[in-house]
Amino acid sequence: MTEQQEPERPTEFNKEFRTKVYQHVQKYAAPSLARTVFETLLTFLIFYSCLFVGWLDWPPLAIRIVSVLIAGLARMRVFIIFHDVAHGSSIPLSHPLNLPVGTALGTVCLTPYFWWQSGHNYHHRHSNNLDKKQYAQSCPWTSSQLRSVPLWQKIVYVLVFGKFTLLSLSHFLYFTIGQRFFAKWYENALIVAEWSALAYFFGTRIIVLELITAYIGSFCGFFLFHSQHTFHNVYKRNEADWHPFDNGLRGSSFLQVPRPLKFFTYGIEYHHVHHINALVPGYRLQQCHEAAGEMFDMVPRTTLSSSIEMLKYNVYNEKLQSFEELYFD
């Protein structure tokens, strides 16, 4: 989003401040192909190395468990780099390497490139707009929407987004099975080819580890995404009052990630910067935030503990302007 693309809608921020923020963030929207290649290869190296250590028989069990956990986190990092490629923030969309790199990353993180890119771009255009469908949200419906549908739809919604299933099963089924129906034939074929090659050389146990790391990576990814848009006093408005700038600063959180985990989150915790300008690559989000001075002081801060507390909420009550836990009432 740029100042020239802004709609004529109400905003709590004056034009001078918006211009200042846009100009500041724009300075960091400059990808480095060398840096992207380095980050991609490094993440692949960590993922497959840790996967291999987890497969070996001779290391102590504790080391193998830790290796598999790290591989799961690296798999999440693969997805975040994939996310950047799909935006064109790390490799311009017009660059000949964008599609092959995006497809390779999507093979490892089990995500179809074009389908996911289309849905995620929709998310950036309409997130927290109450008059638009919230396809790419972890609390996509309002309480009135949930109450208005037949019982079978309520059951499906609760099974997907309820507190007992969102981070126990839904995330894993979404990545391993759900997205297969929207992938192009060659994307599914690449996943089958990769896993078949691994099974041929290392046996079926490596496939079990692939599934375990897919579970860990998707769990962490869903948790991050839930925390980015599901928090108290989040910005949500109807179409006539929804403004992309306000949504970027008030509708996206700044998650306080412990330093040892920041390598794996790849800057996505600075989600407010990302929603102001999706062309800032992940490795520059922190730098952009820290150089902004007081500009981002109003951005909602969330913590791991506050995000865990928000996992019980599955719908948004537009009348009370708060999230709530709703099932079949």
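Not measured: the values here are computed from a predicted model.

Parameters and conventions
- Residues numbered from 1 in each chain as written.
- Predicted model: local features only at pLDDT ≥ 70, side-chain atom pairs only at ≥ 80, totals over all residues.
- Heavy atoms only, no water.
- Axes fitted to C-alpha atoms, helices over the stretch in contact; angles between N-to-C directions.
- Helix = DSSP H or I, 4+ residues; strand = E, 2+ residues; numbered from the N terminus.
- Parallel < 35°, antiparallel > 145°, perpendicular 65-115°, else oblique.
- Left-handed = near helix turned anticlockwise from the far one by under 90°.
- Contact = heavy atoms within 4.5 Å.
- Nonpolar A, V, L, I, M, F, W, Y, C, P; charged D, E, K, R; others polar.
- Core = buried A, V, L, I, M, F, W, Y, C linked by side-chain atoms within 4.5 Å.
- Buried < 20%, exposed > 50% of the residue type's maximum accessible area, 1.4 Å probe, protein only.
- Salt bridge = Lys/Arg side-chain N within 4 Å of Asp/Glu carboxyl O.
- Patch = residues over 30% accessible without salt bridge, like charges linked within 9 Å, V, L, I, M, F, W, Y side chains within 5 Å.
- Areas by Shrake-Rupley, 256 points an atom, 1.4 Å probe, with all protein chains shown as cover.
- Phe/Tyr/Trp six-rings, centres within 6.5 Å; stacked < 30°, edge-to-face > 60°.
- Lys NZ or Arg CZ within 6 Å of the ring centre and 35° of its normal.

Engineer: How should the packing of helix α2 (residues 33–55) against helix α4 (residues 98–108) be read in this particular structure?
Structural biologist: Running from N to C, α2 and α4 cross one another at 20 degrees; their axes reach a closest spacing of 12 Å. Looking at the two axes, α2 sits roughly parallel to α4. The handedness of the crossing between α2 and α4 is left-handed. Contact residues: α2 offers T40, F44, F47 and Y48, while α4 offers A104, L105 and V108. The class makeup of the residues in the contact of α2 with α4 is six nonpolar, one polar and no charged.

Engineer: Is there a simple way to think about the nonpolar core in this case?
Structural biologist: Side chains of a nonpolar character, in soluble globular proteins, are inclined to be buried together. If you look at the biggest cluster of nonpolar residues, it comprises 53 residues, and the most contacted ones within it are M76, F82, L105 and I206. Those elements that provide at least two residues to this core are α2, α3 (61–87), α4, α5 (113–126), α7 (151–161), α8 (166–176), α9 (185–202) and α10 (204–229). Top contributing element to this core by residue count: α3, with 12 residues. Not counting residues up to four positions away in its chain, the partners in contact with F82 are G102, L105, G106, C109, T111, P112, Y113 and W116. The next biggest cluster of nonpolar side chains, apart from the first, holds 20 residues, and it includes F17, V25, V273 and L285.

Engineer: It is not clear to me how the packing of α2 against α3 should be interpreted in this structure. Could you clarify?
Structural biologist: Each pair of packed helices gets described by two things: the angle between the helix axes and the distance between those axes. α3 packs onto α2 with a crossing angle of 150 degrees between their chain directions and a minimal axis gap of 8 Å. With respect to α3, the axis of α2 lies roughly antiparallel. For α2 against α3, the interelement crossing comes out left-handed. Residues E39, T40, T43, F44, I46, F47, C50, L51, V53 and G54 of α2 touch α3, and the partners they reach there are I63, R64, S67, V68, I70, A71, A74, R75, R77, V78 and I81.

Engineer: Is there a simple way to think about the pattern of salt bridges in this case?
Structural biologist: Should the charged atoms of two oppositely charged side chains come close, the side chains can pair. Per the stated rule, a full pass over the model turns up eight salt bridges. We note a salt bridge from R35 to E39, for which the minimum N-O separation is 2.7 Å. Within this pair, R35 and its partner E39 are both found in helix α2, separated by four residues, close to a single helical turn. R35 gets classed as partly exposed once you look at its relative accessible area, which sits at 34%. Among the residues examined, E39 registers a relative accessible area of 6% and is labelled buried.

Engineer: I tried to follow the environment of L279 on my own but got confused; where do I start?
Structural biologist: Positionally, L279 belongs in the loop between α13 (271–276) and α14 (282–290). Along the chain, L279 and G178 lie 101 residues apart, while their C-alpha atoms are 28 Å from each other. Sequence-distant contacts of L279, that is, excluding residues within four places in its chain, are made with A29, A30, H87, G88 and S89.

Engineer: Please clarify how unusual backbone geometry should be interpreted in this entry.
Structural biologist: Leaving glycine aside, a negative phi is the common case for residues, and trans is the common case for peptide bonds. Even without being glycine, N233 reaches a positive phi, approximately 65 degrees. Here N233 lies in the loop between α10 and α11 (244–250). Note on N233: relative accessible area 73%, which makes it exposed. A positive phi angle, near 55 degrees, is found at Q321, a position not held by glycine. Of note, Q321 is situated in the loop between β3 (315–317) and β4 (322–324). Looking at Q321, the relative accessible area reads 53%, which means it is exposed.

Engineer: I would appreciate a short explanation of a nonpolar patch on the surface in the present structure.
Structural biologist: Taken together, W115, L169, L173, I177, F181 and F182 make up a surface patch of nonpolar side chains, about 610 Å² in accessible area. Position of L169 relative to the elements: it lies in helix α8.

Engineer: Please explain the packing of aromatic side chains as it appears in this structure.
Structural biologist: The description of two aromatic rings rests on the distance between their centres and on the angle between their planes. Going through the model one piece at a time under the given rule, you end up with 28 aromatic pairs. Here F13 and F17 contribute two aromatic rings whose centre-to-centre distance is 5.5 Å and whose plane-to-plane angle is 25 degrees, an arrangement assigned as stacked. Of the aromatic side chains, those joined through ring pairs into one cluster are F79, F82, Y113, F114, W116, Y174, F175 and F222. Lying across the ring of F263, R77 places its NZ or CZ 3.8 Å from the centre. Above the plane of the ring of Y316 lies K236, whose end atom (NZ or CZ) is 5.3 Å from the centre.

On their own, these measurements won't tell you what the molecule is for.
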